[in-house]
Structure formats: structure tokens, C-alpha cells
Amino acid sequence: MYAWPASKVPVLPGQGPDLTVHDTARGRLHTLEPGPVARLYVCGITPYDATHMGHAATYTAFDLVYRLWLDSGRQVHYVQNVTDVDDPLLERAAATGVDWTELAERETALFREDMTALRMLPPEHYVGAVEAIPRIVPVIERLRAAGAAYGLEGDCYFSVESDPRFGSVSGFDAALMRELSAERGGDPERPGKKNALDPLLWRAARPGEPSWDGGTLGRGRPGWHVECVAIALDHLGMGFDIQGGGSDLVFPHHEMGASHAQVLTGEFPYAQGYVHAGMVGYQGEKMSKSKGNLVLVSQLRKDGVDPAAIRLALLGHHYRSDWEWTDAVLDEAVARLARWRHAVSRPEGPPAEALVGEIRAALADDLNAPEALAAVDRWAETQEREGGAETGGPGQVSRAVDALLGVAL
Ligand code: 5CA
Ligand code: ZN
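Residues numbered from 1 in each chain as written. Chains lettered and ligands numbered in written order. Predicted model: local features only at pLDDT ≥ 70, side-chain atom pairs only at ≥ 80, totals over all residues. Heavy atoms only, no water.

Here's the deal with unusual backbone geometry
Here the residue pair F251 and P252 is connected by a cis peptide bond, since its omega of 0 degrees sits within 30 degrees of zero. In this chain, F268 is followed by P269 through a cis amide linkage whose omega measures 0 degrees. Note that P269 resides in the loop between α7 (250–265) and β11 (271–277). The backbone phi angle of E153 is positive, close to 50 degrees, even though this residue is not glycine. Within the element layout of this structure, E153 appears in the loop between β6 (149–152) and β7 (155–158). For E153, a relative accessible area of 66% corresponds to the exposed category. (Helix = DSSP H or I, 4+ residues; strand = E, 2+ residues; numbered from the N terminus. Buried < 20%, exposed > 50% of the residue type's maximum accessible area, 1.4 Å probe, protein only.)

Concerning the site of ligand 1
The environment of ligand 1 is made up of 24 residues, and the closest members are G44, T58, T83, D248 and K289. With respect to ligand 1, the side chain of T83 contributes an N or O atom lying 2.7 Å from a nitrogen atom. Contact between ligand 1 and V280: a nitrogen atom at 2.9 Å from a main-chain N or O atom of the residue. Here ligand 1, which alone exposes 600 Å², has 94% of that area covered by the protein. (Near = heavy atom within 4 Å. Polar contact = N/O pair within 3.5 Å; in protein donor to acceptor, adjacent residues only side chain to side chain. Areas by Shrake-Rupley, 256 points an atom, 1.4 Å probe, with all protein chains shown as cover.)

Topic: the packing of helix α12 (residues 369–386) against helix α13 (residues 393–405)
Direction vectors running N to C along α12 and α13 enclose 165 degrees, while the axes themselves pass 12 Å from each other. As summarised for this structure, α12 and α13 are arranged roughly antiparallel, according to the angle between their axes. Where α12 crosses over α13, the two elements pack in a sense that is left-handed. Touching A372, L373, V376, W379 and Q383 of α12 are G393, P394, V397, V401 and L405, all from α13. (Axes fitted to C-alpha atoms, helices over the stretch in contact; angles between N-to-C directions. Parallel < 35°, antiparallel > 145°, perpendicular 65-115°, else oblique. Left-handed = near helix turned anticlockwise from the far one by under 90°. Contact = heavy atoms within 4.5 Å.)

Quick look at helix α1 (residues 53–71)
Taking 1.5 Å per residue, 19 residues should reach 27 Å; α1 reaches 26 Å between its end C-alpha atoms and fits that length. Burial analysis of α1 places 18 of its 19 residues in the buried class, which makes it a mostly covered element. Phi for G73, located one or two positions after α1, is positive at around 90 degrees. (Expected span 1.5 Å × (residues − 1).)

Quick notes on the nonpolar core
In terms of nonpolar packing, the biggest core is built from 79 residues, with M53, W69, I242, W325, I359, L363 and L405 touching the most fellow members. For this core, the element with the highest residue contribution is α1, accounting for eleven residues. When we break this core down by domain, the ones giving at least three residues each are domain 1 (21–277) and domain 2 (292–405). Sequence-distant contacts of I359, defined by excluding residues within four places in its chain, comprise A372, V376, A400, L404 and L405. Counting 43 residues, the second largest nonpolar core, distinct from the first, contains V139, L201, W202 and M256. (Core = buried A, V, L, I, M, F, W, Y, C linked by side-chain atoms within 4.5 Å. Domains from an automatic or database assignment.)

Side note on the coordination of the zinc ion (ligand 2)
Ligation of the zinc ion (ligand 2) by protein atoms is provided by C43 (SG), C228 (SG) and H253 (NE2), these donors lying 2.1 to 2.3 Å from the ion. With four donor atoms in place around the zinc ion (ligand 2) and angles of 102 to 119 degrees between them, the coordination shape is tetrahedral. In the primary structure, the donors to the zinc ion (ligand 2) are separated according to the pattern C-x184-C-x24-H. Note that C43 is positioned in the loop between β3 (37–42) and α1 and H253 in helix α7, a separation of 210 residues in sequence. Taken as a pair, C43 and H253 share a single burial class, namely buried. (Donors = N, O, S within 2.8 Å, 3.2 Å for Na, K, Ca; no water. Tetrahedral: all angles 85-135°; square planar, octahedral: opposite > 155°, others 65-115°.)

Remarks on the domain arrangement of the chain
Along its sequence, the chain is carved into domain 1 (21–277) and domain 2 (292–405). Centre-to-centre separation of domain 1 and domain 2, based on C-alpha positions: 32 Å. Between domain 1 and domain 2, the contact holds 28 residues from the first and 26 residues from the second. Both sides together, the interface formed by domain 1 and domain 2 hides about 2500 Å², and carbon and sulfur atoms give 66% of it. Taken as a group, M53, L64 and L118 account for 26% of the area that domain 1 buries against domain 2, more than any other trio of residues on that side. There are five salt bridges connecting domain 1 and domain 2. Between R301 and E113 there is a salt bridge, with its nearest N and O atoms 3.5 Å apart. Inspection of the region where domain 1 meets domain 2 yields twelve residue pairs in polar contact (both at pLDDT 80 or more). Looking at the side of domain 1 that touches domain 2, the elements that each hand over two or more residues are β1 (20–23), α1, α3 (100–117) and β11. Top contributing element to the side of domain 1 that touches domain 2 by residue count: α1, with eleven residues. (Buried area = accessible area lost by both parts, 1.4 Å probe. Salt bridge = Lys/Arg side-chain N within 4 Å of Asp/Glu carboxyl O.)

Here you go:
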């Protein structure tokens, strides 16, 4: 499918440093060294409801990665999926009496608008699960031929025991894995499975559910983890630089994805780094479509909130922390944006090379956006106090804030 339009990224003088980022699999900070073309896969939405602040925060974190890589002189191959057929989408469509394809198309269209407004750089390949089915089926067939998958009443499951490195992404113990599997789309209670954790690769057609030709698998629809694996391998190949998403995807989604791919190819690792954003909450709970406690990007836009302020509100929190959205978070961002805009609107100001270096260094240090914002705050204060001492600062700052933080002043 098509993604959304890209905003222009100003090119800054010099080159930014390599990104050091927290890798879930290593459990510590790690400096990534991508080649001239860095490869990024970020898990996309399941389009059954509109983009909320949690989604927006997660995509902002990976937008920073993209921008840092550009600033370090690299090209970026960015792939994102859309889970446009899955249980929650079908359930929501049935509950609201809407055709599931219409629901998916409507919410994906709204997501594109939100991403454009927030100046997120678009993926080069934006791929729906449905359109990827011809790629997904052979992956499952190959896993089955390799003895890593088995049939159960017409469905097909991946055997986690076929991967000696299973567990290497999350490092979770069996009890936690089982609990999370039940919570996040797995079916550990289903009788007949070899291991309770084994995830579905292919779900045989059921009456009233959409289904597609699955070759030797029969008619049905793909499981969730194999969807992302087939899309990532198709466009990026093994050993790509970052697999990204929110921390709710560590297990089972990214664990299973890595396992599928490693068993399929015999290569390790699936990704050089597994990077996870914290969960944004609202009114005491994780913001989620299923709970319905949502603050929507589209609603704020409709209310006349400047998308740049929304972006600043998100950047004000470290991507790895769990945090709560409140009205005060937005009010502070609106005020900060006004201060920055006033400071750059002055004709003259102190030189800004040092500030550009500070923003670069903060972001390269595990995407420390709050520190980058604090550096711009300090500059803006000096600018208001001493503006006029030298020329060149404001333009340079606007370009740097635009290129590195995606905020247009
Ligand atoms: N389609 C799958 C990924 S393949 C999915 O998880 N879709 S989603 O719509 O539920 O979430 C989209 C992205 O937003 C995922 O990376 C998810 O981890 C992230 N996300 C969801 N809720 C939150 C939240 N409350 N805070 C931060 N990130 C969130
Ligand atoms: Zn995914």
C-alpha cells in the first residue's frame, strides 16, 4: 500500500554520531553500526481504531532513529506493516456492524493523516498483511517442510522447541511467557499443542471469517508473528539493524518473529537490535484500543492543537519510560513551542554550533529526547536574554530542530 508524504529533512553541516541504544536482547545499551544503508522494521498498527498517544509516542521514537541515521550520512530502508486482518479487527467490525475491510481502510487512512501531521518520515515499504499473504504462505510451508511447524485440526503451529535460541529476545522465564502469551493473542490452553507457547502460523478458514488460498496449507489466514517476519525478510533480509515497537511486543511477538526467521534461514540474529518504547498510560491504565481509554491524535488535531505541540509533548518523555498522558503534558508542550518559536523569530542570536552538537549527542545516547529539548530550552533562554550578540543562530536552530527532532518552528 502507499504510505504518506515525506516532509523535507534539512541537511545539517557535519555528521552526527552513531546511535547507542538499549537492546532488549542484550539487556543493555549497544552501539549499532549499520552499513551505508541502515535497515529498520517497525511494527505497524492493527487498524481497528484511531491513532492514540501511545502509538504516536512509539512511532516518534523510531522517527528519531531514522533522523539520526540520516544525519550520520546513511540512507535508511524503513519497513512498516499494517495488520489489516486479525482477530481484534474482525471482532470490532462484527461488534459495530461495519465491513472489516472498510474499517481497516478507514483507520489506516486516518493513521496516514496523523503521521503526516506529526511529520513522521514514511516507510519506504508500507505493507498490509492481506497483500503479503502470497509471501507469508511459502514461509509457513518452508517451516513445515523443515519440521518446525505442525498441523492441528487444520490449523498450523510453530514449534518453539525447534529453535535452540528461543527466549533470546525477551529472556523471560516460562511462567511469564505463558502468562503473556494468554494475554497477547496466544492460546496456551488449547489442547493438542506440542508446547503451550507454540504460536499459530496459519488459521484454517472458519465460517463467517475471511480466508485466502494457502497452497498446501489449505484456505485460511495468517498468524500475527509470521506476518511481520515474511514482510521484514522480503524487504530487509536477515540481520537488519533494528526491530522496533512498543514494549508490549517484546513477548510473544518479537520473540516468536526472531525464532521463525532464525529457524527458517539458519542464520542468527534476526535483528541486530530489538528496541522497545515504553507504554503510555491514561487515567491509570495502559492506553489501549481494547480498553477504550484513548486520547486520539486526530481528536486533538480537530480541537485545533498544533501537531508540532503534540510532537513536543511526546518528545518530552524518554522513549523507554512508561508515562501518563495528561492535559498538563500538552499545556507545557504548547508553551515550550511558543517560547522556541519566539526565540527563533528574532533576527539575530548567539551561534548555535554547540547546540546542534548537544542535540546530536543527546539523541545518540539512547534517544534522550528530553535532554535534547532541555538544550534547546537553554538556547532559547539565552537567545531571549542576549539576542543580537551574533548572527546565524536562529536559522541554524530551526533547521536542526526540524532535521533531528522533526519539529517545524
Ligand atoms: N499490529 C501490531 C504490531 S505488528 C500492533 O501491535 N498493533 S497496535 O495497533 O496494537 O500497536 C501499534 C504500535 O503501537 C505497536 O508498536 C505497539 O507496541 C504500540 N503501542 C500500542 N499501545 C501503546 C501504548 N499505550 N503506549 C506506547 N506504545 C503503544
Ligand atoms: Zn509486528
